[in-house]
Amino acid sequence: MLKINQIHKSYKIGDSSLHVLKGIDLSVEEGEMVAIMGSSGSGKSTLLNIIGMLDEADEGEYILDGLAIKDLTEKKAAVYRNKFLGFIFQSFNLINYKNALENVALPLYYQGLKRKERLEKASFHLEKVGLSAWGHHLPKELSGGQKQRVAIARALAANPKLLLADEPTGALDTKTSHEIMAFIQHLNDEGKTILMVTHEEDIANMCKRIVRLRDGVIIEDAKVNQVRAEQYV
Ligand SMILES: Nc1ncnc2c1ncn2[C@@H]1O[C@H](COP(=O)(O)OP(=O)(O)OP(=O)(O)O)[C@@H](O)[C@H]1O
């Protein structure tokens, strides 16, 4: 599914430069569910953003679904990102003035679907996350867990091969976090490949593999016995 070799990334801050990723090697196969862990500032989001093609590495190779990302033009990269990747964020990143249904429909616009088709598909995905009755509500009328479910439906709308999540439960209480994790596990059971950043050990243990970063290098990469979230719901 994806393979990265010797990725380096630095940020320029004034005259100095901060070396954030220092030679990361990582392979993820189809169907995996991987947690990226590490303390604050260890480079987790930077790595996820590079994998998500939201940012570019300074050095190294990134192959996604057999294609070298470096070789793509910006336009092709945008098409590729839309087709292969779905994103979930801690702060949901929903558009406040659009209702739940329109938020879910948004990525389908970039796939060139007509409005009616977009809304039909969005409706299907909202139903999948158990929110078919909430389609006409604005994000501010939804609970945190509901907002994250809308965000998941949006991430799934374009049927991406890889779902990337940056602290997907970071803004949720424990019970709601477990509900969201149960849902994400269910997606993985159905075959979706998932990569998530978390700093919570119990959430990471609900994945099947944990990659630990420290100061921009991988210090551990191990398979774990997946804890099922539904037992806490
Ligand atoms: N755009 C940027 N410009 C400058 N420095 C940045 C930028 N993005 C991240 N950094 C710095 O790079 C380092 C790694 O950041 P990153 O967000 O990847 O860490 P993280 O492990 O995800 O941390 P956290 O758990 O706090 O979110 C941090 O020191 C951060 O301040």
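Residues numbered from 1 in each chain as written. Predicted model: local features only at pLDDT ≥ 70, side-chain atom pairs only at ≥ 80, totals over all residues.

A few words now on the overall build of the protein. Across its full length, the protein holds seven helices and 10 strands. Expected size for 233 residues packed as a compact globule is a radius of gyration near 17 Å; at 18 Å, the protein falls within 12% of this value. With the C-alpha coordinates of the protein rotated into their principal frame, the extents come out at 50 × 40 × 35 Å. Buried positions account for 39% of the 233 residues belonging to the protein. A sequence separation of at least 24 residues applies to 68% of the contacts in the protein between residues at least 6 apart. (Helix = DSSP H or I, 4+ residues; strand = E, 2+ residues; numbered from the N terminus. Rg over C-alpha atoms; globule rule 2.2 N^0.38 Å. Buried ≥ 20, exposed ≤ 12 C-beta atoms within 10 Å, placed from the backbone. Contact = placed C-beta atoms within 7 Å.)

Here we come to the site of the ligand. Contacts to the ligand come from 13 residues, most closely from Tyr11, Ser40, Lys44, Ser45 and Thr46. For the shell around the ligand, the secondary-structure elements that each account for two or more residues are strand E1 (2-13), strand E2 (16-28) and helix H1 (44-51). Here the shell around the ligand gets three residues from one element, more than from any other, and that element is H1. (Near = placed C-beta within 6 Å.)

For the rest of this paragraph, the subject is the environment of threonine 193. Structurally, threonine 193 is set in strand E8 (residues 193-197). Sequence-wise, threonine 193 and glutamate 127 are 66 residues apart; in three dimensions their C-alpha atoms are separated by 21 Å. Setting aside its immediate chain neighbours within four residues, threonine 193 contacts Met1, Val28, Glu30, Gly31, Glu32, Lys161, Leu162 and Leu163.

With that out of the way, let us pick up the packing of helix H3 (residues 100-109) against helix H4 (residues 115-128). Contact geometry for H3 and H4: axes closest at 8 Å, N-to-C directions at 120°. Looking at the two axes, H3 sits oblique to H4. Between H3 and H4 lies a crossing whose hand is right-handed. Between H3 and H4, the contacting residues are Ala100, Leu101, Val104, Ala105, Leu108 and Tyr109 on the first element and Arg118, Leu119, Lys121, Ala122, Ser123, His125 and Leu126 on the second. Residues that form the contact of H3 with H4 fall into these classes: nine nonpolar, two polar and two charged. (Axes fitted to C-alpha atoms, helices over the stretch in contact; angles between N-to-C directions. Parallel < 35°, antiparallel > 145°, perpendicular 65-115°, else oblique. Left-handed = near helix turned anticlockwise from the far one by under 90°. Nonpolar A, V, L, I, M, F, W, Y, C, P; charged D, E, K, R; others polar.)

The contact between H4 and helix H5 (residues 144-157) brings their axes to 9 Å, and the two run at 130°. Of the possible angle classes, the one that applies to H4 and H5 is oblique. Between H4 and H5 lies a crossing whose hand is right-handed. Residues Lys121, Ala122, His125, Leu126 and Lys128 of H4 touch H5, and the partners they reach there are Ala153, Leu156 and Ala157. Class assignment for the residues of the contact of H4 with H5 results in five nonpolar, one polar and two charged.

Residues other than glycine seldom take positive phi values, yet glutamine 6 does so here, at roughly 50°. One can find glutamine 6 in strand E1. Looking at glutamine 6, the number of C-beta atoms within 10 Å reads 13, which means it is partly exposed. In this structure, aspartate 65 is a non-glycine residue whose phi angle is positive, near 50°. Within the secondary structure layout, aspartate 65 lies in the loop between strand E4 (59-64) and strand E5 (67-68). On the basis of neighbour counts, which here come to 14 C-beta atoms within 10 Å, the residue aspartate 65 falls in the partly exposed class.

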